[in-house]
Amino acid sequence: MKDQLRGCVRINAEGKNLYRFINRIHGGEIYCFGQYCRRNVFYGEIYRRDLPKVEQMARECGVSLTSAEYETLSAKLIRYRKRIGLLLGAILVLIGGMYFSNVVVSIEIEGNTAVSDDVILAALSELGIDKGAYIGDIDFHICENKLRLMVDDISWAGIRHTGNRIVVQITEIVQKPDMVLERIPCNVVASRDAEITYTSVYDGMLMHKVGDYVPQGTMLISGLAEDETGHVTVHHAMGVINGIYEETVTFTAQTTQERYDPTGRSEKRRYLKLFSANVPLFLGRNKYKSYTSEESESSLRLFGKTLPIGIVSSKLTETELSETEYTEEELKEKLMEKIYLYEKNFLSDTSILDRSISEEKKEDSLAYTVTYRLEGDICEQREIYVN
């Protein structure tokens, strides 16, 4: 290791006064090792610090001297001593490695389902656990207890760190299930005007049969039953009753609609991300009144780890409000799309027996009124209030 720091130089010497030169080296307090003579040539190794002194001896003795330095750590440092950028880069990497190994770089949360990450991160920030915080200043045991008290739905919390990564493990409180009162006394009434097509009673007394026409609100299954002695019992009426009914829905589309369209002008901006802060790398302010923004982020990686430092690129695209006038065919396509979405979202559990569409044109709009003939469930529960 000492030779790596001091540096070793290999020397070759030849000439008429070669032995005088060798005696000068031996008597000059110069440490020369690995020395030997072959065919009137002297070979040896000396430390770099003694090379100027040996060269002076060679000149005084009239000896031809050649030297070559071994590849050592000190030799590399001397070779690159004028390359300030490399030196500064190495120093910055060393400082960066030491810094990021002692501060919080990332926070991972495990085990939470009901409690969101944002709520836990906000509580941790109040406890001093945030990106950029010095790990040595964090008392993990105290923070675990305080986190459990700060967030109501957490029953247990464990906080540990591996290097510069904080791992928060959460166990949530198991909530008591809501008591669903499924046996509340009730009647079943018609939710709409319909013609009954199917009946199946699970509990209660059926009041109408298949083929009957019932207005909305008509009792279909009674929750009150009377026995032979006149004793009345109250039930939670249940059953399935289907009927055929009509439903009318109106869909409207405006002839002229406003929307924001890109103007073709755009601007790119970059930010230096330092933990949770974005430092602008540009001058000036955004001049667009309305715009859309697209962002992408590239983070710095060191020794295979992602650091909270990077570049955020943002592209602003200017937009302006414009009016678009649709043709009649385009309006019809839009209305048919609305009808399709309505049927898919609201009539998926219902059989569509018939559909009729009437069209109404106005100066600024087009409307479709759709009359459906449907078959489906017409039951609606209505509680019985017992004193």
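Computed from a prediction, not measured in an experiment: that's the story for all the values here.

**Student:** Teacher, can you tell me more about a nonpolar patch on the surface here?
**Tutor:** On the surface, Leu88, Ile91 and Ile95 cluster together to form a nonpolar patch covering roughly 270 Å² of accessible area. Mapped onto the elements of the fold, isoleucine 95 is located in helix 5 (residues 84–100).

**Student:** Explain helix 2 (residues 18–27) here, please?
**Tutor:** Each full turn of the α-helix corresponds to 3.6 residues, which orients residues three or four apart in the same direction. Turning to helix 2, its buried residues number three or more, namely Leu18, Phe21, Ile22 and Ile25. End-on, the buried residues of helix 2 take up no more than an arc of 100°, which puts them together on one face. Exposed and oriented more than 90 degrees from the buried face of helix 2 are Tyr19, Asn23 and Gly27. Where the residues of helix 2 are buried, they touch strand 1 (8–14), strand 2 (33–38), strand 3 (41–47), helix 3 (51–61) and strand 4 (64–69). The positive-phi residue at the C-terminal boundary of helix 2 is glutamate 29, with phi of around 55°.

**Student:** Which parts of the structure should I look at to understand the sheet that holds strand 2?
**Tutor:** Paired through backbone hydrogen bonds, the strands of a sheet run either parallel or antiparallel to each other. Sheet architecture is open: four strands sit in the order 2-3-1-4, paired in antiparallel fashion. Two strands in the sheet have a free side with no partner beyond their single neighbour: strand 2 and strand 4. Between one strand and the next, the sheet's axes are offset by a mean angle of 20°, whatever the strand orientation. With six bridges joining them, strand 1 and strand 4 adopt antiparallel strand pairing. Counted as the bridge partner of valine 9 is glutamate 69 from strand 4. Each of strand 1, strand 2, strand 3 and strand 4 is contacted by helix 2, which is oriented at about 20° to strand 3, the strand it contacts most. Relative to the sheet, helix 3 contacts strand 1, strand 3 and strand 4, its axis offset from that of strand 4 by approximately 165°.

**Student:** How should the side chain of glutamate 343 be read in this particular structure?
**Tutor:** Tracing the backbone through its elements, the reader meets glutamate 343 in helix 8 (residues 328–346). For glutamate 343, a relative accessible area of 14% gives the class buried. The residues contacting glutamate 343, other than those within four sequence positions of it, are Ser348, Ile352, Arg355 and Tyr372.

**Student:** Please explain the pattern of salt bridges as it appears in this structure.
**Tutor:** Pairing is possible between side chains that carry opposite charge, provided their charged atoms lie close to one another. One pass over the full model with this rule turns up 13 salt bridges. In this structure, lysine 361 engages glutamate 328 in a salt bridge whose closest nitrogen and oxygen atoms are separated by 2.9 Å. Here lysine 361 is found in strand 20 (residues 351–361), whereas its partner glutamate 328 is found in helix 8, with 33 residues between them in sequence. A residue is classified by how much of its surface remains accessible, and lysine 361, at 53% relative accessible area, is exposed. With a relative accessible area of 35%, glutamate 328 lands in the partly exposed category. Taken together, the shared-partner salt bridges connect Glu328, Lys332 and Lys361 into one network.

**Student:** Mind showing me how you'd approach the nonpolar core here?
**Tutor:** As a rule of thumb, soluble globular proteins bury nonpolar side chains together. The biggest cluster of nonpolar side chains holds 25 residues, and the ones touching the most others in it are Leu220, Phe251, Tyr372 and Ile378. Secondary structure elements with two or more residues in this core: strand 8 (186–190), strand 9 (194–203), strand 12 (219–222), strand 15 (238–254), helix 8 and strand 21 (365–377). Residue contacts for tyrosine 372: discarding those within four places in its chain leaves Tyr245, Glu246, Glu247, Val249, Ile339, Tyr342, Glu343, Leu347, Ile352, Asp354 and Arg355. Within the second largest apolar cluster, 22 residues are counted, among which are Ile107, Val115, Phe140 and Ile154.

**Student:** Sorry if this is basic, but what is going on with the packing of aromatic side chains here?
**Tutor:** We describe a pair of aromatic rings using the distance from one ring centre to the other and the angle between the two ring planes. On inspection of all chains with the given rule, the structure shows eight aromatic pairs. Judged by centre distance (5.7 Å) and plane angle (70°), the rings of phenylalanine 251 and tyrosine 342 are edge-to-face. Placement of phenylalanine 251 in strand 15 and of tyrosine 342 in helix 8 is noted, with a sequence separation of 91 residues between them. Of the two residues, phenylalanine 251 and tyrosine 342, neither departs from the other in class, the shared state being buried. Among the aromatic side chains, those forming a connected cluster through ring pairs are Phe251, Tyr342, Phe346 and Tyr372. In this structure, arginine 192 is placed above the aromatic ring of tyrosine 245, and the distance from its NZ or CZ to the ring centre is 4.4 Å.

What counts, and where the lines are drawn
- Residues numbered from 1 in each chain as written.
- Predicted model: local features only at pLDDT ≥ 70, side-chain atom pairs only at ≥ 80, totals over all residues.
- Heavy atoms only, no water.
- Patch = residues over 30% accessible without salt bridge, like charges linked within 9 Å, V, L, I, M, F, W, Y side chains within 5 Å.
- Areas by Shrake-Rupley, 256 points an atom, 1.4 Å probe, with all protein chains shown as cover.
- Salt bridge = Lys/Arg side-chain N within 4 Å of Asp/Glu carboxyl O.
- Helix = DSSP H or I, 4+ residues; strand = E, 2+ residues; numbered from the N terminus.
- Buried < 20%, exposed > 50% of the residue type's maximum accessible area, 1.4 Å probe, protein only.
- Arc of directions from axis to C-beta.
- Contact = heavy atoms within 4.5 Å.
- Pairing = 2+ DSSP bridges.
- Axes fitted to C-alpha atoms, helices over the stretch in contact; angles between N-to-C directions.
- Core = buried A, V, L, I, M, F, W, Y, C linked by side-chain atoms within 4.5 Å.
- Phe/Tyr/Trp six-rings, centres within 6.5 Å; stacked < 30°, edge-to-face > 60°.
- Lys NZ or Arg CZ within 6 Å of the ring centre and 35° of its normal.

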